[in-house]
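# Overview (structure and organization)
What follows is each chain in one-letter form.
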Amino acid sequence: MQTIPNSIKEYLDTPYSLNQDQIDFYQKNRFIKLKEVLNQETVAYFNQVISDQVNVMNQEQTALEDRTTYGKAFLQLFNLWVENTLIKDLIYSKRLARIASELMEVNGVRLYHDQALFKEGGGGITPWHADQYYWPLETDKTVTAWIPLQETPFNMGPLEFSAGSHVIVEGRELAISDESEEILDRKLRVTDFNHVIEAFDLGEISYHSGWVFHRAGANTTNEMRKVMTIIYMDKDMILKNPENSNQEHDWKTWCPGAKIGEIINTPINPLLYSK
C-alpha cells in the first residue's frame, strides 16, 4: 500500500503562524489569501494523488458545450478522503485546520466535507454565490480552504471575492446559477465592497466564510485548473432545521445521523483541530 512521504506528513502537522493583522483582516472581510501555506513538494504530491482520484471518481460524460452553466464551471467530486487514505492526510492536516480555527476565533473545527473542483480547459465561469445557502448549519462559523494544486493565473479562473459581503442578506437564497450571477453582480456593483481578483502563487491558498459572496472566471487555457477544497465548521456546530431542499440533501449526505438542535458529531464529521 502506498504511503505518504514522511516529509509531507510532518509538514502537514507543522503550525502555520498567523498574526493578529491577518486574523483581523479575515474577520472584517471574511476571506483571506495566505502565501506559502503549502510547499512545492506537498503541492506536487497532492496534484498527482488528487488528479488520479478524480479520474477514478469522475463520471461526467456530457460534452462541455452541452452542459448547464453549473456543469461548465467545474468537475465536482466529494469526500475524496473517504475513498483515498493518502488524501485523508491532507484533509486531516492540523496545519490547515488550525488556520481555520484561528481565523474563525473558535476553539476547534470539524470537517463538513471536502470537494475537488477541477475547471476544465475552456470551462466557464463559476457564478456569484454564497456557499452557506446549501448548508443546514446554525451559525456562520464556517470556512472553506480553497487549495489550488498549481499556480493559478487570471486566465485559469482563480477565486474572486466581494470583500465584506457576508453582511448582505439579499441573494442568500440563490443557488449557483445564471440567475445568481446576474442578480448578485448587479447588487454588488452598487455597493462599496471591494471586488478582489488576484492570481494564486504556488502554495498560496485562500480561506473564505460561508456567507461571503464569491465567484471565479472562466478557464481560457488548455490546462485543467485543479483545486481541492476543505470545508470546516466550528467543532460545536449545531444542525439546524433545513430551510431548502439543498440543505435537506446536505444533512442526509454530509451529516448522516445528526439530529436537529444537536452538535454535528458523526463519523464523517471528525474533529480536525482543537485547542
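Below, the structure is looked at part by part. (Residues numbered from 1 in each chain as written. Predicted model: local features only at pLDDT ≥ 70, side-chain atom pairs only at ≥ 80, totals over all residues. Heavy atoms only, no water.)

Glancing now at the overall build of the protein. The number of helices and strands found in the protein is 9 helices and 11 strands. Its C-alpha atoms give the protein a radius of gyration of 18 Å, near enough to 19 Å, the size a compact globule of 275 residues would have. Judged by the C-alpha coordinates and their principal axes, the protein covers about 50 × 45 × 40 Å. Residues counted as buried form 56% of the 275 residues belonging to the protein. Considering only intrachain contacts with a sequence separation of at least 6, the fraction spanning at least 24 residues in the protein is 85%. Accessible surface, the protein: about 12,300 Å² in total, of which carbon and sulfur atoms supply 47%. (Helix = DSSP H or I, 4+ residues; strand = E, 2+ residues; numbered from the N terminus. Rg over C-alpha atoms; globule rule 2.2 N^0.38 Å. Buried < 20%, exposed > 50% of the residue type's maximum accessible area, 1.4 Å probe, protein only. Contact = heavy atoms within 4.5 Å. Areas by Shrake-Rupley, 256 points an atom, 1.4 Å probe, with all protein chains shown as cover.)

What the rule picks out here adds up to 8 aromatic pairs. Arranged with centres 5.1 Å apart and planes meeting at 40°, the rings of Phe78 and Trp254 form a pair that is tilted. Of this pair, Phe78 sits in strand β2 (residues 75-78) while Trp254 sits in helix α9 (residues 245-254), and the two are 176 residues apart along the sequence. The exposure class of Trp254 is buried, given its relative accessible area of 9%. The interplanar angle of 55° and the centroid separation of 5.6 Å between the aromatic rings of Trp81 and Tyr92 together place this pair among those described as tilted. Pair noted here: Trp81 is in helix α5 (residues 80-83) and Tyr92 is in the loop between α6 (85-91) and α7 (94-104), with a separation of 11 residues, a long-range link. Grouping aromatic residues by their ring pairs yields a cluster made of Phe25, Phe31 and Phe161. If you follow Lys88 out to its NZ or CZ, it ends over the ring of Tyr92, 5.0 Å from the centre. (Phe/Tyr/Trp six-rings, centres within 6.5 Å; stacked < 30°, edge-to-face > 60°. Lys NZ or Arg CZ within 6 Å of the ring centre and 35° of its normal.)

Let us now look at helix α8 (residues 178-189). With 12 residues, α8 extends 17 Å from end C-alpha to end C-alpha; this agrees with the ideal 16 Å at 1.5 Å per step. Buried within α8 are the following residues: Ser180, Glu181, Leu184 and Leu188. Relative to the axis of α8, the buried residues are bounded by an arc of 95° and lie together on one face. Away from its buried face, by an angle of more than 90 degrees, α8 presents the exposed residues Glu182 and Arg189. Next to the buried residues of α8 lie β4 (126-129), β6 (159-162) and β9 (214-216). (Expected span 1.5 Å × (residues − 1). Arc of directions from axis to C-beta.)

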